[in-house]
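Listed below, chain by chain, are the residues.
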Amino acid sequence: MNAYAPILVLGAIAAAFAVGSVVMASLTGPKRYNRAKLEAYECGIEPTPQPVGGGRFPIKYYLTAMLFIVFDIEIVFLYPWAVTFDALGIFGLVEMLLFIATVFVAYAYVWRRGGLEWD
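Residues numbered from 1 in each chain as written. Predicted model: local features only at pLDDT ≥ 70, side-chain atom pairs only at ≥ 80, totals over all residues. Heavy atoms only, no water.

The chain goes by NADH-quinone oxidoreductase subunit A in an unreviewed UniProt entry, where it is assigned to Streptomyces rubellomurinus. You can read under Sequence similarities (unreviewed entry) in the UniProt record for the chain the words "Belongs to the complex I subunit 3 family." (UniProt positions renumbered as here; feature names shortened; annotations may be inferred.)

> Would you take a moment to explain the environment of alanine 82 for this structure?
As for its position among the elements, alanine 82 is in helix H3 (residues 59–83). In this structure, the C-alpha to C-alpha distance between alanine 82 and arginine 32, residues 50 residues apart in sequence, is 53 Å. (Helix = DSSP H or I, 4+ residues; strand = E, 2+ residues; numbered from the N terminus.)

> Looking at this structure, how should I read the layout of surface pockets?
Taking a probe equal in size to a water molecule and rolling it over the atoms shows the remaining empty space. Quantified by volume, the largest pocket comes out at close to 180 Å³. Lining the largest pocket, in full, are Lys60, Leu63, Met66, Leu67, Val70, Ala106, Val110, Arg113, Gly114 and Gly115. The set of elements that each furnish at least two residues to the lining of the largest pocket consists of H3 and helix H4 (85–113). Among the elements that line the lining of the largest pocket, the one with the most residues is H3, at five residues. Classifying every residue of the lining of the largest pocket gives six nonpolar, two polar and two charged. (1 Å grid on protein atoms, 1.4 Å probe; cavity = no way out; pocket = protein on both sides within 12 Å on 5 of 7 lines; lining within 4 Å. Points joined across faces, edges and corners; volume = space filled by probe spheres on them. Nonpolar A, V, L, I, M, F, W, Y, C, P; charged D, E, K, R; others polar.)

Structure follows, in structure tokens:
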């Protein structure tokens, strides 16, 4: 338990700082609300009215999210491989090359289909 004490103390300090910052900001911050401050801010552009149930997101949004997840998973698999690269030997190298080739095929497909263009 002594080995984990510094980590727990650091976590407690970080949590106390986060909670304390939010509480102090709410207590000391200005409280002059008006209609302009309560409206959504969209980079200086007047916000467009949305339907009551919310608007529909374009399919490009979901495709970009899935691409992010694919490449994020690739990085998650690359870290442990990099740590144990010496122990895996040539087998680990070949397996990672196959994995990266598979991800590259998916990337090339999305690129070719225009999934990376923002129109």
